[in-house]
Amino acid sequence: MSAEDLNPLHLEACEWLEKRDFANWAQDDQTAFDAWIAQSPAHRIAYLRAEAGWKRTEMLAALRAFHPDRAQPPSPARRTSWKIAAAIVVCGIAGTATYFGVKQNAPQYTAYATTIGGHKTLALADGTKIELNTDTQVRLLNGDHRKVWLDKGEAYFQVQHDAAHPFQVMAGHHKVTDLGTAFFVKRHAANTEVALVEGSARFDDTAAGDARSLTLTPGDVVIANAKTVSLSRKKPAILSAELSWRHGVLIFEQMTLSAIADELNRYNQKKLVIADSAAARVKLGGTFRTDDVQAIATAAHEVFGLKVKDQGNQFVISAAKGAGN
Amino acid sequence: MRSSDTAPAVSRADRWFVREVLPLEAQLMQFLHRNWHNQAEIADLRQETYIRVYEAALKQPPEKAREFVFTTARNLIIDRVRRARVIPIDAAADLEFVEVAADAPGPDQVVQARDELRRMRDALDQLQPRHREAIVLGRIEGLSRRDVAQRMGITELTAAQYLKLGIAALTEILSLAPEKKQ
């Protein structure tokens, strides 16, 4: 949307909002503002409208509310159905676009990796994109970028389909072959998870042969280990929430604190440690920045009354009631 | 609203307007787009609808906000069609849709954080890069205009401009984002 498309009155209203929220608001400003509002109902309405829209964006940056200097006491109603709104980091999203050509006499593979908390996008010459999540490594065959090994971690693939040269992802004993596709593959310690977001793909267990070959449709999720392959389905909204790391956030829907800790710990050096089962069972939902361990610790303390101990390299969370930190 | 001298009727109308009318905006815009051929006048029609609705609310907030808003918009369109020398066939024909729109279920009051996040992300993506940068620094990182300017290596005046345009574009885009439940 360019500035020319914007209604002049809306722009005026936004100018007041900008001044109010980002600069010093003096008595003179208030007087001028009151006069402007009084000039016409159109002004008042433009302002009410802009303010309401702007307030909506506040909700998305609400993690700030959990910084100590801006903390607000949670109301009792929030304890039961509580959502932490999102703060998102747009700057971090873009990632690095890398072009790699074929080198003469180069090693057979080239590896690309992210460290804990990292996020990188590889743009292949054919238009295929690979987004690496935290602590992830992929290897590409030199000279043939249609074959990728996911050594660890999680990656999202948006594949430029080419029927003559199918794109393949190898994850341990498992192989995903694109048939025109966007999907993600996650490697856990013992198993591989593949979720198809768009298009179609084939999943193969290379150790078992054709017996475990599956053709996936969007929403299909395969979880496979050395012995078994299971297939389930997830709604598009859920899959998209699981891919929110691509935008620097994690979305949890009423997940237990222990599951949230496991997930967040993938992204951060500073870990969340859940000390007892009562704390582990606490459920919460919301959207969190992947790098904001503090937000969970603060929420656990302020909203759920859990005890949080900051030990430098980790937060220890327990259910012991009391003064807390 | 910060006005210190707001009379009770005004603040009542303000509250009603923000609570009952503004959430209908995405639907109202859809309705106007469907029923008015000249897209350049849509924002105008919306504003005029709002003013009429608001002025009615100053006397007494209507009980059924949705019906009142759509009926007002419909009457405005009919007025304009009548005033126009050349009546656009499609505009006149589509006026039947008014009732349909008024009966449509309202936007879900409880919008999942997830959906809201997606909308926000999409909206941010549509901003011009410098405006987006200013908004991210100002809104998400909570910096002041001065700090935004410093961080971006621009003057405060330019920062104010970027922030203003960012706010304006963001709120405009969000207002068009239909608040649909998954």
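On a predicted model such as this, the values are computed, not experimentally measured, just so you know.

A.B. asks: With reference to specific residues and values, describe the overall build of chain A.
C.D. replies: Along the backbone of chain A there are eight helices and 17 strands. Counting over 325 residues, chain A shows a buried share of 35%. Intrachain contacts of chain A at a sequence separation of at least 6 include 49% that bridge at least 24 residues.

A.B. asks: Could you give me a rundown of the overall build of chain B, with the residues and numbers involved?
C.D. replies: Scanning chain B from terminus to terminus reveals 10 helices and zero strands. In sequence order, chain B lays out its α and β elements as α-α-α-α-α-α-α-α-α-α. Here chain B, with 182 residues, has 37% of them falling under the buried criterion. Residue pairs in contact within chain B that sit at least 24 positions apart in sequence constitute 65% of those at least 6 positions apart.

A.B. asks: Quick one: what's the story with the environment of L11 of chain A, residue by residue and with numbers?
C.D. replies: Mapped onto the fold, L11 of chain A is located in helix α1 (residues 8-22). On the basis of neighbour count, L11 of chain A is assigned to the partly exposed category, with 18 C-beta atoms found within 10 Å. Sequence spacing of L11 of chain A and Y47 of chain A is 36 residues, and the spatial spacing of their C-alpha atoms is 9.6 Å. Setting aside residues no more than four positions away along its own chain, L11 of chain A makes contact with L6 of chain A together with K164 and A168 of chain B.

A.B. asks: Can you tell me about the packing of helix α8 (residues 129-140) of chain B against helix α9 (residues 145-152) of chain B, naming the residues and giving the values?
C.D. replies: Residue and element names in this part refer to chain B. At their nearest, the axes of α8 and α9 sit 10 Å apart, and the two run at 130° to each other. It follows from the interaxial angle that α8 and α9 lie oblique. Crossing of α8 over α9 shows right-handed handedness. Contact residues: α8 offers E133, A134, L137 and G138, while α9 offers V148, R151 and M152. Its residues assigned to classes, the contact of α8 with α9 shows four nonpolar, one polar and two charged.

A.B. asks: Quick one: what's the story with the pairing of strand β16 (residues 307-310) of chain A, residue by residue and with numbers?
C.D. replies: All names here are of chain A. Where β16 and strand β17 (residues 314-318) come together, four bridges link them in antiparallel fashion. If you follow D310 over to β17, its bridge partner there is F315. Counting the residues between successive antiparallel strands, the hairpin from β16 to β17 contains three residues, one of them, G312, with a positive phi of roughly 90°.

A.B. asks: So what about the packing of α9 of chain B against helix α10 (residues 156-176) of chain B? Which residues, and what values?
C.D. replies: Residue and element names in this part refer to chain B. Two elements in contact, α9 and α10, have axes whose closest approach is 8 Å; the angle formed by their N-to-C orientations is 105°. Accordingly, the angle class assigned to the pair α9 and α10 is roughly perpendicular. For the pair α9 and α10, the contacting residues are R145, R146, V148, A149 and M152 in the first and E156, A159, A160 and L163 in the second. Split into classes, the residues belonging to the contact of α9 with α10 amount to six nonpolar, no polar and three charged.

A.B. asks: Give me the lowdown on the nonpolar core, citing residues and values where you can.
C.D. replies: Soluble globular proteins tend to bury their nonpolar side chains together. One finds A73 and L163 of chain B to be the most contacted residues of the largest nonpolar core, which totals 50 residues. For this core, the element with the most residues is α10 of chain B, which contributes 10 residues. Not counting the four nearest positions on each side in its chain, L163 of chain B is found in contact with E18 and F22 of chain A together with A134, I135, G138, R145 and V148 of chain B. Counting 31 residues, the second largest nonpolar core, distinct from the first, contains L140, V169, A171 and L239 of chain A.

A.B. asks: Talk me through the confidence of the model for chain B; I want residue IDs and the actual numbers.
C.D. replies: Residue and element names in this part refer to chain B. Per-residue confidence for chain B gives a mean pLDDT of 77, with 74% of residues at or over 70. Every residue in residues 1-5 is under pLDDT 50, and counting partners more than four places away or in other chains gives seven contacts. The low-confidence segment residues 88-112 (pLDDT under 50) makes 33 contacts with residues lying over four places distant or belonging to another chain. Across the whole predicted complex the pTM is 0.45, and at the interface the ipTM reaches 0.78.

A.B. asks: Help me get a handle on the environment of L22 of chain B, residues and values and all.
C.D. replies: With respect to the element layout, L22 of chain B can be found in the loop between α1 (8-21) and α2 (25-35). Each C-alpha atom of the pair L22 of chain B and S175 of chain B lies 8.6 Å from the other, and the pair is 153 residues apart in sequence. Apart from residues lying up to four places away in sequence, L22 of chain B is in contact with R49 and A52 of chain A together with F17 of chain B.

A.B. asks: Lay out α9 of chain B in plain terms, naming residues and giving numbers.
C.D. replies: Regarding α9 of chain B, the residues found buried are R145, V148 and A149 of chain B. All buried residues of α9 of chain B project into a common sector of 100° when viewed along the axis, lining one side. On its buried face, α9 of chain B sits against α1 of chain A together with α8 and α10 of chain B. Where α9 of chain B ends, the next residue or the one after it, G153 of chain B, has phi of about 65°, a positive value.

A.B. asks: How would you sum up the environment of V282 of chain A? Please name residues and give values.
C.D. replies: Mapped onto the secondary structure, V282 of chain A falls in the loop between α7 (277-281) and β15 (283-289). For the pair V282 of chain A and L257 of chain A, spaced 25 residues apart in sequence, the C-alpha to C-alpha distance is 5.6 Å.

A.B. asks: Kindly report on unusual backbone geometry, identifying the contributing residues and their values.
C.D. replies: Residue and element names in this part refer to chain A. Positive phi, normally seen in glycine, also occurs at D135, with a value near 50°. Here D135 is to be found in the loop between β4 (129-132) and β5 (137-141). By the C-beta count within 10 Å, which is 16 here, D135 ends up partly exposed.

A.B. asks: For the sheet that holds β16 of chain A, give the residues involved together with the corresponding values.
C.D. replies: All names here are of chain A. Strand order in the open sheet formed by three strands is β14-β17-β16, and the pairing between neighbours is mixed. Looking at the sheet topology across the chains shown, the edges are occupied by β14 (271-274) and β16. Adjacent strand axes in the sheet meet at a mean angle of 20°, parallel and antiparallel pairs treated alike. Against the sheet, helix α6 (residues 257-265) makes contact with β14 and β17, and its axis sits at roughly 155° relative to β14, the strand it touches most.

A.B. asks: Break down the confidence of the model for chain A for me, citing the residues and quoting the values.
C.D. replies: On average, residues of chain A score 76 in pLDDT, and 80% of them reach the 70 mark or higher. Note on residues 62-106 of chain A: pLDDT under 50 across the span, and 82 contacts to partners over four residues away in sequence or across chains.

A.B. asks: An account of α8 of chain B is requested, with residue identities and associated values reported.
C.D. replies: All names here are of chain B. With 12 residues, α8 extends 15 Å between its outermost C-alpha atoms, agreeing within 8% with the 16 Å of an ideal straight helix rising 1.5 Å per residue. Taken across its 12 residues, α8 has nine buried, putting it largely inside the fold. Listing the buried residues of α8 in full gives H131, R132, A134, I135, V136, L137, G138, R139 and I140.

Rules used throughout
Residues numbered from 1 in each chain as written. Chains lettered and ligands numbered in written order. Predicted model: local features only at pLDDT ≥ 70, side-chain atom pairs only at ≥ 80, totals over all residues. Helix = DSSP H or I, 4+ residues; strand = E, 2+ residues; numbered from the N terminus. Buried ≥ 20, exposed ≤ 12 C-beta atoms within 10 Å, placed from the backbone. Contact = placed C-beta atoms within 7 Å. Axes fitted to C-alpha atoms, helices over the stretch in contact; angles between N-to-C directions. Parallel < 35°, antiparallel > 145°, perpendicular 65-115°, else oblique. Left-handed = near helix turned anticlockwise from the far one by under 90°. Nonpolar A, V, L, I, M, F, W, Y, C, P; charged D, E, K, R; others polar. Pairing = 2+ DSSP bridges. Core = buried A, V, L, I, M, F, W, Y, C linked by C-beta atoms within 7 Å. pLDDT = per-residue confidence, 0-100. Arc of directions from axis to C-beta. Expected span 1.5 Å × (residues − 1).

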